[in-house]
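# Structure at a glance
Here's the letter readout for the chains.
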Amino acid sequence: MSARIPTGELPSQKRDKPIRVLLVEDNPGDARLIQEMLKSTGNMNLRFEHVTTLDEGLEYVGDPEQPLDAVLLDLGLPDCQGFETFERFQEKGKAFTIIILSGLNDVDLALHAVRSGAQDYLVKGQINGDLLLRSIRYAIERDETEKQLVESRERYQSLVDMMPDAIMVHVDSEIVFANPAALNLLGVSSQEDLEGRNVLDLVHPHDRSAVAARITKQAETGEAQSPVEEKFIRSDGRMIDVEVTATPFLFEDKQATQLIIRDISERKVRESEMEAIAAVSRGLQDANAQDEMLPVIMDQAMQAVGALDGSITLTDEQSGDHHIVAGRGPRASQPVGSVIPRGMGLTSKVVKERSAYINNQFVVDPDPAVYEVVKGVTPTKSVAIFPISAEDKVIGTLGLGRDLPFENSDVRVINAICSIGGNAIHRAALYEQTQRRLRHLRSLREIDLAITSSLDLNFILDVILTQANRELVLDAAAVLLLNAENVLEFAAGSGFRSPLIHESRVNFGDGLAGQAAQQRQLVRGGGKALHHNTLRAPLFQEETSSAIMLCLWWPRAR
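Notes on the structure in this doc start here. As the structure is a prediction and not an experimental result, all values here were calculated from the model. (Residues numbered from 1 in each chain as written. Predicted model: local features only at pLDDT ≥ 70, side-chain atom pairs only at ≥ 80, totals over all residues. Heavy atoms only, no water.)

## Looking at the side chain of Ser 348
Tracing the backbone through its elements, the reader meets Ser 348 in helix H11 (residues 345-353). If we ignore the near neighbours within four places in the chain, the residues touching Ser 348 are His 322, Pro 341, Arg 342 and Gly 343. (Helix = DSSP H or I, 4+ residues; strand = E, 2+ residues; numbered from the N terminus. Contact = heavy atoms within 4.5 Å.)

## Some points on the sheet that holds strand S16 (residues 357-359)
Within the open sheet, the six strands sit side by side as S15-S14-S13-S18-S17-S16. Their pairing is antiparallel. The open sheet has two edge strands, strand S15 (339-340) and S16, and neither has a second partner. Bridge analysis of strand S17 (residues 382-390) against strand S18 (residues 393-402) gives nine bridges, and the strand direction is antiparallel. Across the sheet, residue Ser 382 finds its bridge partner in S18, namely Arg 402. Contacts between helix H13 (residues 408-453) and the sheet are confined to strand S13 (309-315), S16, S17 and S18, with S17 contributing the most and set at about 40° to the helix. (Pairing = 2+ DSSP bridges. Axes fitted to C-alpha atoms, helices over the stretch in contact; angles between N-to-C directions.)

## Side note on helix H14 (residues 457-472)
If you check H14, its first and last C-alpha atoms are 22 Å apart, about what 16 residues at 1.5 Å a residue would give, namely 22 Å. Burial in H14 covers these residues: Ile 460, Leu 461, Val 463, Leu 465, Gln 467 and Glu 471. Buried residues along H14 sit in contact with H13, strand S19 (477-482) and strand S20 (487-494). In this structure Asp 456 caps H14, since a side-chain oxygen of it lies 3.1 Å from the backbone nitrogen of Asn 458. (Expected span 1.5 Å × (residues − 1). Buried < 20%, exposed > 50% of the residue type's maximum accessible area, 1.4 Å probe, protein only. Polar contact = N/O pair within 3.5 Å; in protein donor to acceptor, adjacent residues only side chain to side chain.)

## Here we look at the pattern of salt bridges
Opposite charge on two side chains permits pairing when their charged atoms draw close. Counted under the stated rule, the structure contains 23 salt bridges. Between Arg 88 and Asp 55 there is a salt bridge, and its shortest N-O distance comes to 3.5 Å. Placement of the pair is Arg 88 in helix H3 (residues 83-92) and Asp 55 in helix H2 (residues 54-59), with a sequence separation of 33 residues. For Arg 88, a relative accessible area of 30% translates into the label partly exposed. Judged by its relative accessible area of 41%, Asp 55 falls in the partly exposed class. For Asp 410, the salt bridge identified is with Arg 402, shortest N-O distance 2.5 Å. Judged by its relative accessible area of 10%, Asp 410 falls in the buried class. Overall, the relative accessible area of 8% leaves Arg 402 in the buried class. Through salt bridges with shared partners, one network takes in Glu 25, Asp 30, Asp 74 and Lys 124. (Salt bridge = Lys/Arg side-chain N within 4 Å of Asp/Glu carboxyl O.)

Listed below in structure tokens is the structure:
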């Protein structure tokens with residue numbers, strides 16, 4: 001049964017037009033008596049008609065030129081008897097007032113007719129003209145007032161049904177009405193699914209005590225309450241953020257509370273996104289290096305979506321491998337420092353496709369692309385991996401895990417964080433490259449000054465070695481010069497443990513140094529290649545006893 005919203009009492013309406021009354025009575029004496037009673041009142045606005053059967057009376061129904069205002073109906077007619085007489089007349093005569101005329105033996109039947117829609121009943125033999133006229137006037141007045149009230153309720157009902165905001169009514173916390181918007185908001189199919197339930201059942205457990213206190217306070221004060229933010233639970237278990245305005249009013253003669261409920265979930269999501277983005281931006285402002293930025297990106301991303309685990313990989317520009325550089329949580333922190341080869345694992349898939357990977361059933365439906373580095377780690381129920389981009393280039397990935405499914409709102413906020421973080425990492429890399437180039441230029445300037453300001457070869461070579469050690473972070477370095485006999489001899493050096501470096505002699509074309517001199521290009525090598533020249537074998541045997549060395553040799557122009 002659909003409840004109707006009350007709109008209050010309507011004022012009485014005065015009638016200036018004539019009152020047209022139809023008397024349906026088969027007893028000539030009763031009919032004549034009623035007619036005389038009405039004449040005796042001297043009312044000039046009264047228009048009176050009389051018929052003796054139901055069929056004759058029904059012919060007056062629906063006449064647009066002579067509409068009826070009221071019908072005085074006897075229930076015992078030649079062509080119809082009892083309550084059926086009223087039912088047949090009411091079926092066609094809903095536009096006017098029906099007053100039942102009954103005898104002393106028909107009072108119960110007349111009362112039944114009143115409960116079914118008749119405005120009043122009069123007992124024959126117990127009325128006079130003034131009473132009859134007053135009864136007709138009051139019945140018409142009540143009938144018009146009720147019709148206007150019904151029309152007003154229906155208009156209000158239609159308005160409430162069309163409102164985009166959810167509206168509910170509860171009496172002593174029991175829901176008695178809900179409009180279509182409320183049904184849609186809470187994910188139920190019909191009003192019967194809500195009627196009779198306690199309104200607190202819809203509220204998130206964390207908010208129930210506060211809501212119960214507000215209901216109690218409103219019942220005591222009878223005052224409307226300003227909008228408050230609460231969390232409701234839909235029928236599918238999903239939590240939604242709402243703004244609720246509570247107003248006390250009368251509902252079907254009972255003290256009730258009307259709730260206007262506005263869904264603010266999207267607004268809250270946007271607010272969370274803005275807060276997360278602002279937090280990341282603030283954190284990255286204080287970070288100057290990549291190592292300082294990664295924890296900020298990781299922590300803010302996990303906090304924004306309530307992730308249990310998180311990891312960041314960065315892509316090596318030359319090899320394309322994915323280095324796991326940061327991790328949070330019991331699962332994601334284990335593989336930090338590992339490398340996922342290019343083309344392997346979900347990170348390669350995300351980098352290649354440049355879009356997020358979402359799997360909300362990862363435990364029961366793991367992806368076959370999981371690489372062996374993280375294969376032995378038990379994942380969370382839901383896994384999401386997002387590309388970290390900078391200047392239209394994917395430079396890494398951000399992986400998150402949690403037990404709740406990832407939704408579109410989560411994807412939006414993490415994509416925003418990854419975009420901000422990626423640009424910050426890229427700027428830091430550019431800054432580091434710029435600083436490195438500046439250091440290189442300063443080193444070259446120091447070497448140039450040494451060459452142009454001094455003729456001391458030993459001083460110049462020492463400056464070259466000092467700058468090379470600083471810029472290349474070398475453990476040891478030496479300069480060998482080619483003599484007239486085509487043999488490379490030690491000229492300067494630093495960082496060597498053995499004094500044998502001063503006795504270094506390398507034949508032109510032998511060993512790494514000899515090859516660099518002969519080929520006039522950079523030569524890389526280590527291990528056995530260092531021992532190829534027998535003249536330097538004792539030196540490298542001593543130097544490499546506790547270290548692995550990589551030597552880079554540059555030829556000096558001849």
